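# Reading the structure
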Number of protein chains: 2
Amino acid sequence: MNKEIFMNLLQAREYKAVRSILNVMNAVDIAALMEELEDKDLALAFRLIPKDKAAEVFANMNSPMQSYLVEIFTEKELKEMLDEMFLDDTVDLLEDLPANLVTRILESVSAEKRRQINILLNYPEDSAGSVMTTEYVDLRKTTTVAEALRHIKHTGIHKETIYTCYVLENRRLIGIVTAKDLLTMDDTMTMEELMETEIISVTTHTDQEEVAKLFSKYDLLAIPVLDTDGMMVGIVTFDDAMDVLEEETTEDMALMSAITPNEKSYFATSVLDHAKHRIVWLLVLMLSATFTGMIITHYEDAFQVMPLLVAFIPMLMDTGGNCGSQSSTLIIRGLALDEIHFSDIFRVMFKEFRISLVVGIGLAIANGIRLLIMYQNPAIAFVVGCSLIGTIILSKLIGCTLPILAQKVKLDPAIMAAPLITTIVDACSVIIYFKIATMVFHLAV
Amino acid sequence: MNKEIFMNLLQAREYKAVRSILNVMNAVDIAALMEELEDKDLALAFRLIPKDKAAEVFANMNSPMQSYLVEIFTEKELKEMLDEMFLDDTVDLLEDLPANLVTRILESVSAEKRRQINILLNYPEDSAGSVMTTEYVDLRKTTTVAEALRHIKHTGIHKETIYTCYVLENRRLIGIVTAKDLLTMDDTMTMEELMETEIISVTTHTDQEEVAKLFSKYDLLAIPVLDTDGMMVGIVTFDDAMDVLEEETTEDMALMSAITPNEKSYFATSVLDHAKHRIVWLLVLMLSATFTGMIITHYEDAFQVMPLLVAFIPMLMDTGGNCGSQSSTLIIRGLALDEIHFSDIFRVMFKEFRISLVVGIGLAIANGIRLLIMYQNPAIAFVVGCSLIGTIILSKLIGCTLPILAQKVKLDPAIMAAPLITTIVDACSVIIYFKIATMVFHLAV
């Protein structure tokens, strides 16, 4: 939907047309459209959204917009909205709202819902407990298919998902039945006969990233969440898992580029916040890079005699940095996808060593030919070539080892990426280079 | 499941125990376990998997294992397996098998299935057509809820998903009904009354990455695929979309680290293939880095007089590279998540300009204090500080602009990441630095 057309219709008070448009649009798209409106237009436009869609649109809006709307809603509007919203979306909303609006919302929901919300709000951030919902379909093992279908018909409409149903016995989860089973199996079969007993579950304290990984590994629609006593307390649904995966990827990419991760989008983050998220790592890396400078200063006499030596420093540093970050990226991704584990460390190192030999010799030859043509100086081609091979081997070994070690000591492997690796490799490459050069050319240091 | 225990039981011919273990394990975990077995053990172990689970285990295995099994299966075994497998998994299998085994499989399936497979195999790689399945539940608009439920009970068991049903009229898709609607609504309601008519669909030629993005944007379970005439031909299910998202993220990360993307996992790729995927970009970047070297050589006379100047080159180059890659990563991610578009280019540039002013002045002050303490030389602190600010502004502007421009000319923005940006920024930072230094210190070039 084109924003301008929509605005014009709204300002021309063509409410019937606006309503028709909103009627055929998807809730996600309406939310995106609403986010572009001015506050006063927003209030008006929001009230033109069909009732059955308003809660879904609201759940998809960003939090400043949600705050604004909660503030201007009448008691009745707020109550209607909250009745329609799923519990986990309500909790998401509360986590981002200012305190006075939180109170207003808690006063508008039923006592039972308020109790559940308060429990969910108490789980640690980024835990399964904080993203789960307590609304799910529970059945007993003696229930038949026909009874289960009747039960869903009566209670299912308010559950976020009814496609995975949980068979409980004394609040313990003993089996899982899918809606597909219920829809395709004989009416007289009992849950006990139908249910899957290989259950994949998490606890309320499982990290949300671990939860999301289970979804993509096992292609799940929902995962049951158990408390520390093994009692079933809720489910995480796949839409939240997809959001978590997206968030975690963004976070990894930020970390890998020396940025402190931040949940807001690019434009929603202010200039000062952007600067704050970037300057910390830059400072650390800048000060580390001065070591490389100090090493170079140490070899001042060498390049005073042979200034050409300086010309190859950038090429060596860049190639070392790139080689190291190639290895670290592949390992970081392998760790994230559970393809690589700590026990593989020597296997990885041996593999990277062989790769770096092939790559190093290849690059040294290519570069050697170039140097011979440009400078007709076999000695310098030899020195640069040997330095290249040494740098590449070292940088690939550093690049593959550090992320694995980081994970072992419970750090995010993603911080061992390009920027940090580059800084470490820089110093190493300069040392290798000048050691070889001073030896071959018999330069005094 | 511990591999050693499993192997011991298998070798001790404790088939009953093996079978019990396989009976309670998840198909995905069994596939992972099977992948660690020797070929001869694999054949034996695979035949001990419960019949109803074997096809799912098979679909989750890697292609060398699948090839091996297809080769040793009897006609009967192969036929049973293929009957149980979903159509899209069968097509995935065929895409990776050697030609002789493909023929064997096509001979084992029914004529109708063969026809459908052949159609699916003809869609371009990475298109919606190539990942879709043609097995879905279709209904008519006059069908009632009760009739639809009966229809699903008879035909649904062989469909990959029955949770989204499609209302067709002359093979055209006119509405969508969810299983939740069918399970919770009145038996006498018709599809026409129930169906959602705001349909999100793709065509057979839509890129799989675009398809996957729609899943996470709209939290879909399945998306209908239309042919160029607007006729419904299949659906893509969310499990495939999740795989695509994972694949595309891995690909982006590889590109961002100057690696040619590769679908195989780290250990499944040979040393030579690893080297091949990495050396191309390294070569390009290495040769580009020699420009920076040539610029430095140009200022040889300057650092002959003042060798200390060389010591700050690595710090400037690294900081420039890091700043540039911070900006490019955020922009690449923003483009991938559809948060940033080409029309935002000036807004982005202005934002990055302001951020780089804050970051640049901050770093220049920190570095200036360090230089004053270490060298008691305000002039060098001034030169390095100004160069830092200049380098940071330039590198952030380059880092934010290139990915946007790349997308505009239909290149993957991910190639405009750290490695390339670093190489470009290196040359710029050296020029800025020596220009300022020669000016301030009145050095001849």
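For clarity, every value in this text was computed on a predicted model and none was experimentally measured. (Residues numbered from 1 in each chain as written. Chains lettered and ligands numbered in written order. Predicted model: local features only at pLDDT ≥ 70, side-chain atom pairs only at ≥ 80, totals over all residues. Heavy atoms only, no water.)

A tally of regular secondary structure across chain A gives 23 helices and 6 strands. For 445 residues, the compact-globule estimate of 2.2 N^0.38 gives 22 Å, and the C-alpha radius of gyration of chain A, at 30 Å, exceeds that figure by more than 25%. Residues classed as buried in chain A amount to 57% of the 445 residues present. By element, 57% of the accessible surface of chain A is carried by carbon and sulfur atoms, the whole surface being about 19000 Å². Across chain A, the mean location of the 36 positive side-chain charges is 1 Å away from that of the 62 negative side-chain charges. (Helix = DSSP H or I, 4+ residues; strand = E, 2+ residues; numbered from the N terminus. Rg over C-alpha atoms; globule rule 2.2 N^0.38 Å. Buried < 20%, exposed > 50% of the residue type's maximum accessible area, 1.4 Å probe, protein only. Areas by Shrake-Rupley, 256 points an atom, 1.4 Å probe, with all protein chains shown as cover. Lys, Arg positive; Asp, Glu negative; His and termini not counted. Charge placed at Lys NZ, Arg CZ, Asp CG, Glu CD.)

To continue, consider the interface of chain A and chain B. Between chain A and chain B, the contact holds 114 residues from the first and 114 residues from the second. Across the chain A to chain B interface the summed buried area is about 10300 Å²; carbon plus sulfur atoms make up 69%. On the chain A side of the interface with chain B, the three residues burying the most area are A:Leu183, A:Tyr266 and A:Phe267, jointly 8% of the side's total. Summed over the shared surface of chain A and chain B, the result is 8 salt bridges. Of the charged contacts in the structure, one is a salt bridge between A:Asp29 and B:Lys217, with a shortest N-O distance of 3.6 Å. Where chain A touches chain B, the interface holds 35 residue pairs in polar contact (both at pLDDT 80 or more). In terms of residue count, the dominant contributor to the side of chain A that touches chain B is helix α17 (residues 271–298) of chain A (18 residues). The residue makeup of the side of chain A that touches chain B, split by class, is 60 nonpolar, 28 polar and 26 charged. (Contact = heavy atoms within 4.5 Å. Buried area = accessible area lost by both parts, 1.4 Å probe. Salt bridge = Lys/Arg side-chain N within 4 Å of Asp/Glu carboxyl O. Polar contact = N/O pair within 3.5 Å; in protein donor to acceptor, adjacent residues only side chain to side chain. Nonpolar A, V, L, I, M, F, W, Y, C, P; charged D, E, K, R; others polar.)

Quick look at the sheet that holds strand β1 (residues 138–139) of chain A now. All names here are of chain A. If you walk across this open sheet you meet the 3 strands as β1-β2-β3, and the pairing is mixed. Each having just a single partner strand, β1 and β3 (172–178) make up the two edges of the open sheet. As judged from the 2 bridges shared by β1 and strand β2 (residues 164–169), these two strands associate in the parallel manner. Of the residues in β2, the one forming a bridge with Leu139 is Val167. (Pairing = 2+ DSSP bridges.)

Residue and element names in this part refer to chain A. The feature "transmembrane region" (unreviewed entry), as given by UniProt, occupies residues 279–299, 355–373, 379–405 and 417–444 in the numbering adopted here. Measuring from the first to the last C-alpha atom of residues 279–299 gives 31 Å, for a span that is 95% helix and 0% strand. For the annotated span residues 417–444, helix accounts for 82% and strand for 0% of the residues, and the straight-line distance between the end C-alpha atoms is 36 Å. (UniProt positions renumbered as here; feature names shortened; annotations may be inferred.)

A word on the domain arrangement of chain A. The assigned domain composition of chain A is domain 1 (3–131), domain 2 (138–237) and domain 3 (271–440). On a C-alpha basis, the centroid separation for the pair domain 1 of chain A and domain 3 of chain A is 51 Å. (Domains from an automatic or database assignment.)

As a further point, take the packing of aromatic side chains. Evaluated as defined, the whole model comprises 21 aromatic pairs over all chains. Connected via pairs of aromatic rings, a cluster forms that spans A:Tyr299, A:Phe303, A:Tyr433, A:Phe434, B:Tyr299, B:Phe303, B:Tyr433 and B:Phe434. Just above the ring of B:Tyr266 sits the side chain of A:Lys351; from NZ or CZ to the centre is 5.9 Å. Directly above the aromatic system of A:Phe267 lies the positively charged group of B:Arg347, at a separation of 3.8 Å from the ring centroid. (Phe/Tyr/Trp six-rings, centres within 6.5 Å; stacked < 30°, edge-to-face > 60°. Lys NZ or Arg CZ within 6 Å of the ring centre and 35° of its normal.)

As a further point, take the nonpolar core. Residues A:Phe6, A:Met34, A:Phe46, B:Phe6, B:Met34, B:Phe46 and B:Leu182 are the most contacted members of the largest nonpolar core, which totals 158 residues. Not counting the four nearest positions on each side in its chain, B:Phe46 is found in contact with B:Met34, B:Ala54, B:Val57, B:Phe58, B:Met61, B:Leu69, B:Phe73 and B:Met81. Core analysis: the next-biggest nonpolar cluster, separate from the first, contains 81 residues, A:Leu363, A:Val384, A:Ala427 and B:Phe303 among them. (Core = buried A, V, L, I, M, F, W, Y, C linked by side-chain atoms within 4.5 Å.)

On to the UniProt feature "domain: CBS" (unreviewed entry) in chain A, then. Residues and elements named next belong to chain A. As annotated by UniProt and renumbered to match this structure, "domain: CBS" (unreviewed entry) occupies residues 132–193 and 195–251. The span residues 132–193 shows a helical share of 32% and a strand share of 24%, and its end C-alpha atoms are spaced 28 Å apart. End-to-end, the C-alpha atoms of residues 195–251 are 38 Å apart, and along that stretch the chain is 44% helix and 23% strand.

On to a nonpolar patch on the surface. Taken together, the side chains of A:Leu272, B:Phe350, B:Phe353, B:Leu357, B:Val358, B:Ile361, B:Ile365, B:Ile369 and B:Ile373 define a hydrophobic patch exposed on the protein surface, amounting to about 830 Å² of accessible area. Examined against the element boundaries, B:Phe350 turns out to sit in helix α21 (residues 345–375). On the basis of relative accessibility, which here comes to 49%, the residue B:Phe350 falls in the partly exposed class. (Patch = residues over 30% accessible without salt bridge, like charges linked within 9 Å, V, L, I, M, F, W, Y side chains within 5 Å.)

So, on to the relation of the copies chain A and chain B. Under the fitted operation, chain A is carried onto chain B by 0.0 Å of movement along the axis and a turn of 180°, and the coordinates agree to an RMSD of 0.1 Å. These values place the two chain copies in the arrangement generated by a two-fold rotation axis. Using C-alpha coordinates, one finds that chain A approaches the rotation axis most closely at A:Gln304, a distance of 3.1 Å. A share of 100% of interface residues in chain A that are also interface residues in chain B marks the association as one of identical surfaces. (Least-squares fit on C-alpha atoms with pLDDT ≥ 70 in both.)

Once that is clear, we can look at helix α2 (residues 15–24) of chain A. All names here are of chain A. Residues Val18, Ile21 and Leu22 constitute the buried set of α2. Buried residues in α2, looked at end-on, bunch into an arc of 95°, giving them a common side. Exposed side of α2, more than 90 degrees from the buried face: Lys16 and Val24 are the residues found there. Buried-residue contacts for α2 involve α1 (3–11), α3 (27–34), α4 (39–47) and α5 (51–59). (Arc of directions from axis to C-beta.)

Attention now moves to the sheet that holds strand β5 (residues 222–226) of chain B. All names here are of chain B. Taken in spatial order, the 3 strands line up as β4-β5-β6 in an open sheet, and their pairing is mixed. The sheet is open, and its two borders are formed by β4 (202–203) and β6 (232–237), each paired with just one other strand. The pairing of β4 with β5 spans 2 bridges and is classified as parallel. By the bridge assignment, Val202 is partnered in β5 with Val225. Across the sheet, helix α15 (residues 208–218) is in contact with β4, β5 and β6; its angle to β5 comes to roughly 140°. (Axes fitted to C-alpha atoms, helices over the stretch in contact; angles between N-to-C directions.)

We now examine the pattern of salt bridges. Residues and elements named next belong to chain A. Scanning the entire structure with this criterion turns up 25 salt bridges over all chains. Measuring nitrogen to oxygen at the nearest pair gives 3.3 Å for the salt bridge that ties Arg115 to Glu112. Linking Arg115 with Glu112, this pair stays in helix α10 (residues 111–121), spanning 3 residues, or about one helical turn. Note that Lys276 and Asp273 form a salt bridge whose closest N and O atoms lie 3.4 Å from each other. Remark: Asp273 and Lys276 occur in helix α17; sequence separation between them is 3 residues, near one turn of the helix. Accessibility expressed as a relative area gives 53% for Lys276, which makes it exposed.

Okay, the pairing of strand β2 (residues 164–169) of chain B next. All names here are of chain B. Counting buried positions along β2 gives 5 out of 6 residues, so the element sits mostly inside the fold. Here β2 runs beside strand β3 (residues 172–178); their pairing, made up of 6 bridges, is antiparallel. Paired with Val167 across the strands is Gly175, a residue of β3. Linking two consecutive strands that pair antiparallel, namely β2 and β3, is a turn of 2 residues; a positive phi of about 55° is found at Asn170 within it.

With that out of the way, let us pick up the packing of helix α3 (residues 27–34) of chain B against helix α5 (residues 51–59) of chain B. Residue and element names in this part refer to chain B. Put simply, α3 and α5 touch, their axes get as near as 8 Å, and they point 65° apart. Seen along the crossing, α3 lies across α5 with a hand that is right-handed. Listed contacts from α5 to Ala27, Ile30, Ala31 and Met34 of α3 are Lys53, Glu56 and Val57. Within the contact of α3 with α5, the residues separate by chemical class into 5 nonpolar, no polar and 2 charged. (Left-handed = near helix turned anticlockwise from the far one by under 90°.)

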